[in-house]
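# Structural overview
Take a look at the letters that make up each chain.
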Amino acid sequence: MDVDSTVKGFYEQILQRNAGEPEFHQAVSEVLASLRYVLRKDPHYADNGLIQRLTEPERQIIFRVPWIDDQGQVQVNRGFRVQFNSVLGPYKGGLRFHPSVNLGIIKFLGFEQIFKNSLTGLPIGGGKGGSDFDPKGKSDMEIMRFCQSFMTELERHIGDKVDVPAGDIGVGGREIGYLFGQYRRMTGRHVSGTLTGKGLTWGGSLVRTEATGYGCVYFTQEMMASRGDRLHGAKVIISGSGNVAIYAIEKAQELGATVVAFSDSSGYVSTPDGVDVELLRDIKEVRRLRVSDYVKETNGATFHKGGNIWETEADVALPCATQNELDGEAAKLLADHGVKYVAEGANMPCTHDAIQVFKKRKIDFAPGKAANAGGVATSALEMQQNASRDSWTFEYTDKRLRDIMRNIFKNAARTAEDYDVPRDFVVGANIAGFKKVADAMIAQGVI
Ligand code: NDP
Ligand code: 2IT
């Protein structure tokens, strides 16, 4: 059978066995499209059910999370942990708390994590978890009770040599604190390497908070430098205003770019003169307000309720909010307005149609599994520090992050050239991430 029919067969099986999980289908289909290049050169990668095993999680855990709200009412949410692939190391990946969370979303994120973690060059497998719990509008005590209940069930499935969760949408330093506290209480041990993103006085790593946003900007710098361009003087759109977006904004501006827009799910803020990062951080991280509150406390910024951030004119776009936030129409707007570089700070924020537009219009595009790998990479550096009971300086850890991002860029670019699709960083990242995992799976046998 020719490669195209083989791959089509794999995909049909995926659709049939994972009905009703469109985000998972989307993530698998993008990787399979790249694997066609590999299978043409090295058909043995399809032997022994390797592709079927790679697309089937090793383990999927779904559990009830009951908790009591401030009114004394019992609330019930659903918890997930998908342990996708541990061939390279313990499962590693974040926890997402958002009302949209379901099994398909956690599976798409866990599947992406396998290749992303492989690209970091560090010994971590792929996993993801979370809950359909909505943290918006909840009191601190409600968040704590929820986290304690969530961890009461998750505890038996994780550990520093088993599975190491961290943050994602809706899970930041506060939540990791409550989760770690409950884990410590249940086990009676202070095993700091069980979670990452911890506070700096109890096993956390410097740079982890900044790492995903900084890393995405470091990757963008590499991509631009390879064309003789630089961020200095560039206009940049950064969607979102959470952990990833805030530190992408900070680093881009530190490097001399002007961030001209950011957003949340209610609309976007236009900032032609740049963003006051200190104010944004205070509004979002300390006071936990909305981006519409930012314009009330500064001059020269305007809030566009329900507006489309991608209509902003810019040279670079970094989608840093959520999956499928940038579609084909938005991509055309960006292209018409002269955007030359797009790098995904979020996981799968660009739809398939958007990526096709970027390709056609010769816009450099970096997929999330390469461009946002700095977060999980620094989590792995946190695990290293925990294992050696050491803590590194900001400068040293930031340098490690920068080197990792540069290596991921080089690896994706070189692999794309090896397969005769220069500057196709999607194909380059997918194949480079895949090969390392696949070779390890072959070496470790059919399990
Ligand atoms: P946060 O919870 O800190 O922030 C999420 C941001 O995205 C908020 O501004 C939120 O706005 C916005 N957002 C969420 N859903 C939507 C939506 N449907 N439409 C528009 N905006 C939305 O999460 P993170 O910054 O940690 O994560 C952002 C993305 O980056 C996710 O895709 C995540 O998977 C990915 N990522 C995160 C890493 C990390 O280390 N944290 C590492 C690698 C990737 P609102 O407040 O209105 O909901
Ligand atoms: O999507 C991601 O890579 C993350 N949310 C970070 C995972 C981690 O383990 O640090």
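Structure shown above.
Residues numbered from 1 in each chain as written. Chains lettered and ligands numbered in written order. Predicted model: local features only at pLDDT ≥ 70, side-chain atom pairs only at ≥ 80, totals over all residues. Heavy atoms only, no water.

With that settled, consider the side chain of Ser192. Tracing the backbone shows Ser192 in the loop between α6 (173–187) and α7 (208–225). Once residues lying within four places of it in the same chain are set aside, the contact partners of Ser192 are Phe180, Lys198 and Asn386. (Helix = DSSP H or I, 4+ residues; strand = E, 2+ residues; numbered from the N terminus. Contact = heavy atoms within 4.5 Å.)

Another point: the nonpolar core. Counting residues in each nonpolar core, the largest one holds 61 residues, and the members touching the most others are Phe219, Ile238, Tyr294 and Leu318. The element best represented in this core is α7, accounting for 8 residues. Val7, Leu54, Ala438 and Met441 belong to the second largest nonpolar core, which has 40 residues in total. (Core = buried A, V, L, I, M, F, W, Y, C linked by side-chain atoms within 4.5 Å. Buried < 20%, exposed > 50% of the residue type's maximum accessible area, 1.4 Å probe, protein only.)

Within the secondary structure, Thr351 is located in the loop between β11 (341–343) and α12 (352–360). Put simply, Thr351 and Ala245 are 106 residues apart on the chain and 19 Å apart in space, counted from C-alpha to C-alpha. The contact partners of Thr351, leaving out residues within four places of it in the chain, are Gln26, Asn324, Leu326, Asp327 and Gly328.

Turning to the packing of aromatic side chains, a few remarks are in order. For the structure on display, the rule yields 21 aromatic pairs. When the centroid spacing of 6.1 Å and the interplanar angle of 40° are considered together, the rings of Phe24 and Phe84 count as tilted. In this pair, Phe24 is assigned in helix α2 (residues 22–41) and Phe84 in strand β2 (residues 74–85), connecting sequence segments 60 residues apart. With respect to burial, Phe24 and Phe84 carry one shared label: buried. Consider the rings of Phe146 and Phe150, whose centres lie 5.9 Å apart with planes at 35°: the pair is tilted. Of this pair, Phe146 and Phe150 are both found in helix α5 (residues 140–154), 4 residues apart, which corresponds to roughly one turn of the helix. Judged by its relative accessible area of 0%, Phe146 falls in the buried class. Ring pairing ties together the aromatic residues Phe63, Trp67, Phe97, Phe133, Phe146 and Phe150, which thus form one cluster. Sitting over the ring of Tyr37, Arg40 keeps its end group 5.8 Å from the ring centre. In this arrangement the basic side chain of Lys107 is found over the ring face of Phe24, its NZ or CZ atom lying 4.6 Å from the centre. (Phe/Tyr/Trp six-rings, centres within 6.5 Å; stacked < 30°, edge-to-face > 60°. Lys NZ or Arg CZ within 6 Å of the ring centre and 35° of its normal.)

Attention shifts here to unusual backbone geometry. Positive phi, normally seen in glycine, also occurs at Asn324, with a value near 55°. Notably, Asp420 is not glycine yet its phi reads approximately 60°, a positive angle. On the secondary structure map, Asp420 appears in the loop between α15 (394–418) and α16 (425–444).

At a minimum axis distance of 7 Å, the contact between helix α11 (residues 328–336) and α12 shows a crossing angle of 25°. The angle between the axes of α11 and α12 places the two elements in the roughly parallel class. The two elements α11 and α12 meet at a crossing, and its hand is right-handed. Packed against α11, whose contacting residues are Gly328, Ala331, Lys332 and Leu334, the element α12 presents Asp353, Ala354, Val357 and Phe358 at the interface. The residue makeup of the contact of α11 with α12, split by class, is 5 nonpolar, 1 polar and 2 charged. (Axes fitted to C-alpha atoms, helices over the stretch in contact; angles between N-to-C directions. Parallel < 35°, antiparallel > 145°, perpendicular 65-115°, else oblique. Left-handed = near helix turned anticlockwise from the far one by under 90°. Nonpolar A, V, L, I, M, F, W, Y, C, P; charged D, E, K, R; others polar.)

In short, geometric facts, not functional conclusions.
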